[in-house]
Amino acid sequence: MFTWEVNNGISSGGVMDGVRGKDKLSSYLQALRPWSFSTSLAPVALGAVLAYKSSSSFSAPVFLVSCLTALSVHAAGNVVNTYFDYLKGIDDSKRSDDRTLVDKILTTDELVQLGVVLYTVGCVGFILLVALSPARMEHLALVYFGGLSSSFLYTGGIGLKYIALGDVLVLVTFGPVSVLFSFVSQAGYMDLVTLFYAMPLALNTEAILHSNNSRDMEDDRAAGAVTVAILLGPAGAHILYALLLFAPYVAFCLLGCRFSFWFLLPLITLPSALQLEQHFRDGRLLSLPHCTARLNFYFSLFYLLACAMVDRRHLPGL
């Protein structure tokens, strides 16, 4: 009986520790905002596709390490955003979509440690890329540390998000910088035409951020932050959201008519985009950022497939 009680106690304790461990792991995963990861993985995949089309260069190890590196820096940026939004009073118990700190899911120390780990993983990935990639270290470093700095400066340091410059930073980082980083890693050289191909992804990703800022307009204003949505007002913010959503589709129509019908493939997602624009117009903004991120996943998928299927001769600039 005594032995059974001791063993049962150990077993129960082990089970409880396991449950707590799973809960903690779940909390860390939640803090990373995994629903947004398509915005960093899609540009890396696009850069790899363009490198293969341009110079027949593709390395699976380089691609996997590039994905790991970009994902780590992106996740670290999400953690930094959570930390500084909480520190500056943007997020509190009454107004916050990210509940990581306001509901004490994680402590600030745990969040800082998570951010350090993620940035460390990103730097290790960069070192591996230097060893694996045919690109010069200076070129890789220029693009990588530019992206890393952007992920921190969005809310850390001077906090570009709070002075209406966060939109510009996201537009540049989750498009041109990420695509160029992947392209250089694969091909070994820079080609500025990749910036043109990056813009549809950049605009669609910016639509996610803008919908989030439009939803939180009043809360951000009350906390003293300034965003593009606040500067434009509700009507202007709606117009900008529509432009960010539909400008890529106009470009795809032009490319499809001029170069290859494969470029029309992303138009499959147009009905969803029209529905989201209607939600914005009706003021249904609560779940709009997550819905726009879901659109971004499928939009990116079809765009990548289109670029992969188009004959190299029909890819302008390559």
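Residues numbered from 1 in each chain as written. Predicted model: local features only at pLDDT ≥ 70, side-chain atom pairs only at ≥ 80, totals over all residues. Heavy atoms only, no water.

> Looking at this structure, I do not really get the overall build of the protein chain. What am I missing?
The helix and strand tally for the protein chain stands at 11 helices and zero strands. Start at the N end of the protein chain and walk to the C end: the helices and strands fall as α-α-α-α-α-α-α-α-α-α-α. Counted over contacts in the protein chain with a minimum sequence separation of 6, partners at least 24 positions apart contribute 75%. (Helix = DSSP H or I, 4+ residues; strand = E, 2+ residues; numbered from the N terminus. Contact = heavy atoms within 4.5 Å.)

> In this structure, what is going on with the packing of aromatic side chains? I would like to understand it.
Two aromatic rings are characterised by how far apart their centres lie and by the angle between their planes. Taken as a whole and assessed by the stated rule, the structure comprises 15 aromatic pairs. Where Phe-84 meets Phe-152, the ring centres are 6.1 Å apart and the plane angle is 90°; that geometry is what we call edge-to-face. Pair noted here: Phe-84 is in helix α3 (residues 60–87) and Phe-152 is in helix α5 (residues 137–153), with a separation of 68 residues, a long-range link. Residue class for Phe-84 comes out buried when judged on its relative accessible area of 17%. You can call Phe-152 partly exposed: its relative accessible area is 33%. On the basis of an interplanar angle of 85° and a centroid distance of 5.1 Å, the ring pair of Phe-297 and Tyr-298 is categorised as edge-to-face. Through a chain of ring-to-ring contacts, the aromatic side chains of Phe-246, Tyr-249, Phe-252, Phe-299 and Tyr-303 assemble into a single cluster. (Phe/Tyr/Trp six-rings, centres within 6.5 Å; stacked < 30°, edge-to-face > 60°. Buried < 20%, exposed > 50% of the residue type's maximum accessible area, 1.4 Å probe, protein only.)

> It is not clear to me how the nonpolar core should be interpreted in this structure. Could you clarify?
Nonpolar side chains in soluble globular proteins tend to be buried together. Grouped together as the largest cluster of nonpolar side chains are 39 residues, with contacts concentrated most on Leu-46, Tyr-197, Tyr-241, Leu-245, Leu-276 and Tyr-303. Looking at this core, the elements with two or more residues in it are α2 (38–55), α6 (166–187), α7 (193–215), α9 (228–258), α10 (270–281) and α11 (288–309). If one sorts the elements of this core by residue count, α9 sits on top with nine residues. In this structure, Val-79, Leu-106, Tyr-119 and Val-184 belong to the second largest nonpolar core, which totals 30 residues. (Core = buried A, V, L, I, M, F, W, Y, C linked by side-chain atoms within 4.5 Å.)

> Would you explain the UniProt feature "transmembrane region" (unreviewed entry) in the protein chain in this entry?
Mapped onto this numbering, the UniProt entry annotates "transmembrane region" (unreviewed entry) at residues 58–77, 111–132, 139–156, 162–184, 222–243, 249–274 and 295–315. Summarising residues 139–156: 83% helix, 0% strand, and an end-to-end C-alpha distance of 25 Å. Along residues 295–315, the helical share is 71% and the strand share 0%, with 24 Å between the first and last C-alpha atoms. (UniProt positions renumbered as here; feature names shortened; annotations may be inferred.)

> Honestly, the packing of α9 against α10 in this entry has me stumped. Any pointers?
Helix-helix packing is described using two parameters, namely the angle between the two axes and the distance between the axes. Closest axis-to-axis distance for the α9/α10 pair is 10 Å, and the angle between their directions is 180°. In this view, α9 runs roughly antiparallel relative to α10, as classed from their interaxial angle. Mapping the contact onto sequence places Pro-234, Ala-237, His-238, Tyr-241, Ala-242, Leu-245, Phe-246 and Tyr-249 in α9 and Leu-270, Ala-273, Leu-274, Leu-276, Glu-277, Phe-280 and Arg-281 in α10. Each residue belonging to the contact of α9 with α10 can be placed in one class, and the counts come to 12 nonpolar, one polar and two charged. (Axes fitted to C-alpha atoms, helices over the stretch in contact; angles between N-to-C directions. Parallel < 35°, antiparallel > 145°, perpendicular 65-115°, else oblique. Nonpolar A, V, L, I, M, F, W, Y, C, P; charged D, E, K, R; others polar.)

> How should I be thinking about the pattern of salt bridges in this particular structure?
Under the definition given, this model contains seven salt bridges. When the shortest N-O distance is used, the salt bridge between Asp-216 and Arg-215 registers 2.9 Å. The salt bridge partner of Arg-284 is Asp-282, with a shortest N-O separation of 3.2 Å. Relative accessible area serves as the criterion here: at 47%, Arg-284 is assigned to the partly exposed category. (Salt bridge = Lys/Arg side-chain N within 4 Å of Asp/Glu carboxyl O.)

> Would you mind showing me how to read α10 here?
A rise of 1.5 Å per residue sets the reference length of α10, with its 12 residues, at 16 Å; its end C-alpha atoms lie 17 Å apart and thus fit the reference within 8%. Every buried residue belonging to α10 is among Ala-273, Leu-276, Glu-277, His-279 and Phe-280, and all of these are buried. Buried residues of α10, seen end-on, are gathered within an arc of 155° and therefore sit on one face of the element. Those residues of α10 that are buried are in contact with α7, α9 and α11. Gly-283 sits one or two residues past α10 and shows a positive phi near 80°. (Expected span 1.5 Å × (residues − 1). Arc of directions from axis to C-beta.)

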